[in-house]
Amino acid sequence: MKMNIQFSLNGKSISRDVPTHRLLLDLLRDEIGVTGTKEGCGTGDCGACTVFLNGKPVNSCLVLSGELDGAEIVTIEGLKIGPELHPIQKTFLQDGGAQCGYCTPGMLMMSKALLDENPNPSEEEIRFALAGNLCRCTGYAKIVQAVQDAAALLRNR
Ligand code: FES
Ligand code: FES
C-alpha cells in the first residue's frame, strides 16, 4: 500500500508517495539519493545506518516509511554547521577516527547524540554509547579519542 508522507530532511521539506513498508534507509538512499547513510547489516545490528528521527538516533534499516509522516529526519549530510564541519567531524578527521569510513556516518550521528546529552563523557560512557556501532578497522581507540576531543571543543565554544 502506498501513502503520501511529508517530512523534513536536513531542514528541507519533502513530500513522497511511498509504499508504507519501504525502509527509511532505502527511501533515503534509493529514492531521494541521499547516500551518506550506509547499509551494513540491514538487521539493526551494526549502526552504520544511524540517523536522527525526531531528535533521537535510530537504525534507519528498522524504520518503515509509513511511520514518517510529519517527522523530522537528520542524516550525516545535515551534521555540518553552515559551511563548517561539525566539531565531531573535525576530530574524527584529525584523530584518525575513520579509516575505510563505512561505519563513520553512523558513528558520527551516535557520537553527536551522546554529546547532546552528556557534554563530558568518560571513556566508559563513550564506549557504552557506541556499543551498537561496529567498526572493523580502527580498533575503537581513535574513535573514543575523537569523541573526547570533540567534547572538549564543544565545551570551549
Ligand atoms: S544497516 Fe542498520 S543497523 Fe546495520
Ligand atoms: S572505519 Fe572502516 S568500519 Fe569503521
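Residues numbered from 1 in each chain as written. Chains lettered and ligands numbered in written order. Predicted model: local features only at pLDDT ≥ 70, side-chain atom pairs only at ≥ 80, totals over all residues. Heavy atoms only, no water.

(A) Up close: the domain arrangement of the chain. According to the domain assignment, the chain consists of domain 1 (2-78) and domain 2 (87-155). A C-alpha centroid distance of 22 Å is found between domain 1 and domain 2. Every contact between the two is made by 15 residues of domain 1 and, on the other side, 14 residues of domain 2. Both sides together, the interface formed by domain 1 and domain 2 hides about 1,100 Å², and carbon and sulfur atoms give 67% of it. By the criterion of area lost to domain 2, the three top residues of domain 1 are Thr 50, Phe 52 and Ile 76, representing 42% of everything that side buries. Inspection of the domain 1/domain 2 interface yields one salt bridge. Put simply, Glu 117 and Lys 56 hold a salt bridge, and the shortest N to O gap is 3.8 Å. Taken together, the links from domain 1 to domain 2 amount to four residue pairs in polar contact (both at pLDDT 80 or more). Within the residue set of the side of domain 1 that touches domain 2, elements represented by two or more residues are β3 (50-53) and β4 (56-59). (Domains from an automatic or database assignment. Contact = heavy atoms within 4.5 Å. Buried area = accessible area lost by both parts, 1.4 Å probe. Salt bridge = Lys/Arg side-chain N within 4 Å of Asp/Glu carboxyl O. Polar contact = N/O pair within 3.5 Å; in protein donor to acceptor, adjacent residues only side chain to side chain. Helix = DSSP H or I, 4+ residues; strand = E, 2+ residues; numbered from the N terminus.)

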